[in-house]
Amino acid sequence: MFESKDKYFGRKKGKSFARLEQFQRFLFPPTKEFFKKIKKPRVLEIGIGDGEKISADAKLHPDINYIGCDIFADGVLRAIRNSKENSLRNLFVFHLNIQEILPLVPIKYFDGIRIFFPDPWPKTKHKKRRTFNRELVKALSAKLRKNGYIHFATDHADYFLDALVLLQDQDYRMDNISPNSWKYNDFNALDTKFEKKALDKNHKLFYFSVLKNY
Ligand SMILES: C[S@@+](CC[C@H](N)C(=O)[O-])C[C@H]1O[C@@H](n2cnc3c(N)ncnc32)[C@H](O)[C@@H]1O
C-alpha cells in the first residue's frame, strides 16, 4: 500500500476502511510530471475528510479539476470509489500530508485552495500541530495564482482569527470586510461532515474567502 510517512497526529483509518480497502490499488504517489498534465482551472482541497464534498463538487463542475489530499485513508478511498462509480475525470486524490504534495506542484498552479474545518487543536500546548500555520500559508501562497482564492471554514473563533492574520501578513485581501462576510451565510451549507457536526452542536461557524494580491 502507498501511504504517507509524515508525522501526523490524527486518525489514519476509520470504521469504513475494510469496505473501501479494495480501492487502495488506485492510490499512487504523485510526481511533478503528473501535476503538469492537469489542466486549469485547478482547485486544491486540504483535508478532504470523508471525501464526499470534493466528490460532489467534481461531479457538479466537470470543467474544474479538483485535487485533494488527506492522511485519513477512508475519505481518500471513498473519493476514489465515487470517482470510479461516476467516471469522474476531474478528481485526483492522494493519501498524503499536504506538505508532501506541495514540493511537486509548479508555482502559481492553483486557482483556488480550500480548507474546511481543519483539526482545531484547541489546547495552547497543541496549537503548533495546526495544519494551517505560517509555514503552510507561505508554501501555499507560492502555488496559488494571482487573484486566486483561499476558502477557509471552522467552528473555532480562535483558529479563524489566527488564519486571517496569517493571510493578511502574506498580502491577501478580503473584498468585503464585515461580519456578514464571515458569518454562516456566504458559503451556506458547505455540507461537509464536520460542518454538520458543528451545526448539530449549535457551534458558531466562521468562513472566509480571501484573494491573493500578487
Ligand atoms: C476535522 S477533519 C475535516 C474534514 C472535512 N474537511 C470536513 O469539513 O468534514 C480534518 C481533516 O484534515 C485532515 N488533515 C489534517 N492535517 C492534514 C494535512 N497536513 N494534510 C492533509 N490532511 C490533513 C485530517 O485527517 C482530517 O480528515
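Residues numbered from 1 in each chain as written. Predicted model: local features only at pLDDT ≥ 70, side-chain atom pairs only at ≥ 80, totals over all residues.

Enquirer: Help me understand the overall build of the chain in this model?
Expert: Across its full length, the chain holds 8 helices and 7 strands. Within the chain, residue pairs in contact and separated by at least 24 positions form 81% of the contacts whose partners lie at least 6 positions apart. (Helix = DSSP H or I, 4+ residues; strand = E, 2+ residues; numbered from the N terminus. Contact = placed C-beta atoms within 7 Å.)

Enquirer: Help me understand the environment of Tyr-172, please; the structure alone is not making it clear to me.
Expert: Counting through the fold element by element, Tyr-172 comes out in strand E6 (residues 172-173). The sequence separation of Tyr-172 and Leu-211 amounts to 39 residues, and the corresponding C-alpha distance is 5.4 Å. In contact with Tyr-172, other than residues within four places in its own chain, are Ile-150, Leu-167, Val-210, Leu-211, Lys-212 and Asn-213.

Enquirer: Teacher, can you tell me more about the sheet that holds strand E3 (residues 91-94) here?
Expert: Two orientations exist for strands paired in a sheet by backbone hydrogen bonds: parallel and antiparallel. The 7 strands lie next to each other as E3-E2-E1-E4-E5-E7-E6, forming an open sheet whose pairing is mixed. Each edge of the sheet is formed by a strand with only one pairing partner; in this case those strands are E3 and E6. Relative to strand E7 (residues 206-212), E6 runs antiparallel, the two sharing 2 bridges. Paired with Arg-173 across the strands is Leu-211, a residue of E7. (Pairing = 2+ DSSP bridges.)

Enquirer: Please clarify how the site of the ligand should be interpreted in this entry.
Expert: Around the ligand, the structure places 19 residues, and the nearest of them are Gly-47, Gly-49, Phe-117, Thr-192 and Phe-194. Across the shell around the ligand, the residue classes tally to 9 nonpolar, 6 polar and 4 charged. Looking at the shell around the ligand, you find at least three residues from each of domain 1 (1-106) and domain 2 (108-214). (Near = placed C-beta within 6 Å. Nonpolar A, V, L, I, M, F, W, Y, C, P; charged D, E, K, R; others polar. Domains from an automatic or database assignment.)

Enquirer: Please clarify how the nonpolar core should be interpreted in this entry.
Expert: The tendency in soluble globular proteins is for nonpolar side chains to be buried as a group. Residues Cys-69, Val-76, Ala-79, Leu-91, Val-93, Ile-113 and Phe-152 are the most contacted members of the largest nonpolar core, which totals 49 residues. Here this core gets 5 residues from one element, more than from any other, and that element is helix H4 (residues 73-85). Looking at which domains feed residues into this core, each of domain 1 (1-106) and domain 2 (108-214) supplies at least three. Excluding residues that lie within four positions of it along the chain, Val-93 makes contacts with Ile-48, Gly-51, Gly-68, Cys-69, Val-76, Ala-79 and Ile-80. (Core = buried A, V, L, I, M, F, W, Y, C linked by C-beta atoms within 7 Å. Buried ≥ 20, exposed ≤ 12 C-beta atoms within 10 Å, placed from the backbone.)

Enquirer: I tried to follow the environment of Asp-175 on my own but got confused; where do I start?
Expert: Topologically, Asp-175 is positioned in the loop between E6 and helix H8 (193-200). For Asp-175, a count of 8 C-beta atoms within 10 Å corresponds to the exposed category. Residues Asp-175 and Leu-211, spaced 36 residues apart in sequence, show a C-alpha to C-alpha distance of 8.0 Å.

Enquirer: Looking at this structure, how should I read H8?
Expert: The α-helix winds at 3.6 residues per turn, so residues separated by three or four positions along the chain end up facing the same way. When we look at burial in H8, the residues that qualify are Phe-194, Glu-195 and Ala-198. With its buried residues spanning 105° around the axis, H8 presents them on a single face. In H8, the exposed residues that point more than 90 degrees away from the buried face are Lys-197 and Asp-200. At the exit of H8 stands Asn-202, carrying a positive phi of roughly 60°. (Arc of directions from axis to C-beta.)

Enquirer: Before we go on, may I ask you to explain helix H3 (residues 52-60) in this structure?
Expert: Within the span of H3, buried status applies to Lys-53, Ile-54, Ser-55 and Ala-58. Looking at the buried side of H3, the elements it contacts are strand E1 (42-46), strand E2 (65-69), H4, E3 and strand E4 (110-116).

Enquirer: I would appreciate a short explanation of unusual backbone geometry in the present structure.
Expert: The phi torsion of most residues other than glycine is negative, and most of the peptide bonds are trans. With omega at -10°, the peptide bond leading from Lys-40 into Pro-41 counts as cis. In this fold, Pro-41 is placed in the loop between helix H2 (32-37) and E1. Of note, the phi angle at Asp-171 is positive, near 65°, even though the residue is not glycine. A tally of 11 C-beta atoms within 10 Å means that Asp-171 is categorised as exposed.

Enquirer: Explain the environment of Pro-103 here, please?
Expert: Note on placement: Pro-103 falls in the loop between helix H5 (98-101) and E4. With 72 residues separating them along the chain, Pro-103 and Thr-31 place their C-alpha atoms 9.6 Å apart.

Enquirer: In this structure, what is going on with the pairing of E4? I would like to understand it.
Expert: Residues in a regular strand point their side chains to alternate faces of the sheet. Most of E4 is tucked away: 5 of the 7 residues are buried. Taken together, the 3 bridges between E1 and E4 define a ladder with parallel strand orientation. Counterpart to Val-43 in the pairing with E4 is Gly-112. Pairing between E4 and strand E5 (residues 144-154): 6 bridges, direction parallel. Bridging across to E5, Arg-114 finds its partner in His-151. Handedness of the E4-helix H6 (residues 134-143)-E5 crossover: right-handed. (Right-handed = clockwise from strand over helix to strand, strands pointing away.)

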